[in-house]
Amino acid sequence: MSRRHFNRNSLMGILVTSAVAGVGLSFGRDVYRKTRNNFVFLLLAAIALAGTSYGVWNMVRGHDRGPIATIFRTYILNGLIILVSVVIFALFANVVSGDANPANVPRFIILGEAAFVGLGLLIGLKHRHKRLRAFAIDRHNEGFLEREGFRDVGGRDQVMIDPSGNELTLDDFRADAVTFKVLGRRGARARILLDNDGRMVEYIPA
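Reading the values: rules and limits
Residues numbered from 1 in each chain as written. Predicted model: local features only at pLDDT ≥ 70, side-chain atom pairs only at ≥ 80, totals over all residues. Heavy atoms only, no water. Helix = DSSP H or I, 4+ residues; strand = E, 2+ residues; numbered from the N terminus. Buried < 20%, exposed > 50% of the residue type's maximum accessible area, 1.4 Å probe, protein only. Areas by Shrake-Rupley, 256 points an atom, 1.4 Å probe, with all protein chains shown as cover. Salt bridge = Lys/Arg side-chain N within 4 Å of Asp/Glu carboxyl O. Pairing = 2+ DSSP bridges.

All right, on to the overall build of the protein then. The helix and strand inventory of the protein stands at five helices and six strands. Along the protein, from the amino end to the carboxyl end, the secondary structure elements read α-α-α-α-α-β-β-β-β-β-β. Relative to its 206 residues, the protein shows a buried fraction of 35%. Here the protein displays about 12300 Å² of accessible surface, and carbon together with sulfur accounts for 59% of that area.

In total, this model carries six salt bridges according to the counting rule given. For D197, the salt bridge goes to R199, with nearest N and O atoms at 3.0 Å. Residue D197 is classed as partly exposed on the basis of its relative accessible area of 26%. Residue classification places R199 among the partly exposed residues on the basis of a relative accessible area of 25%. Connected through shared salt-bridge partners, R133, D195, D197 and R199 make up one network.

Bringing the pairing of strand β4 (residues 177-182) into the picture now. Taken across its six residues, β4 has five buried, putting it largely inside the fold. With five bridges joining them, strand β3 (residues 167-173) and β4 adopt antiparallel strand pairing. Bridge pairing links L168 to V182 in β4. The hairpin formed by β3 and β4 contains three residues between the paired strands.

Time to look at the environment of I76. Take I76: it is sitting in helix α4 (residues 67-97). Spatially, the C-alpha atoms of I76 and M59 are 9.3 Å apart, while their sequence positions differ by 17 residues.

Below you can see the structure in the form of structure tokens.
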């Protein structure tokens, strides 16, 4: 059976996701003067460097996507962001270099971009393990709700129906369980038990 994603704004979607508990080179005074007189361009250069870090970070941090989305959104889109950022920063470096030794310009570009590529890579890899683990728990919880026979009704009150046909609304999240109010039954509560990682393991009806 192919896996479907729940609407993240629906009650079941909320359950699935909520259960988861500087380097550079000096070009001298001419560089400073040109930089001071071209603040907007300097700002664009800073944005370009940030774009490089963002593109690398977003490429490696881990996503829950199918193969087509991975190719286009994870690799091609982020690759374009990195390419545009490098081009903008290279233009900046050439403008502010002035009468500096031309051999220093590509060195400055490479070092500047390498620093921000490394920054994006380090942060992305740091996030990757936790994100992939969370995606795996999300998939487990989606499967649990489907196997148990829960149905999402939605609506303003975020209602879902349990395997016995009871209408449930979210009451409380705890480290070990999610608690629901049973509509039409005053004081009645149902629970989904969670393990230490936020995986749904058992449904306890009211």
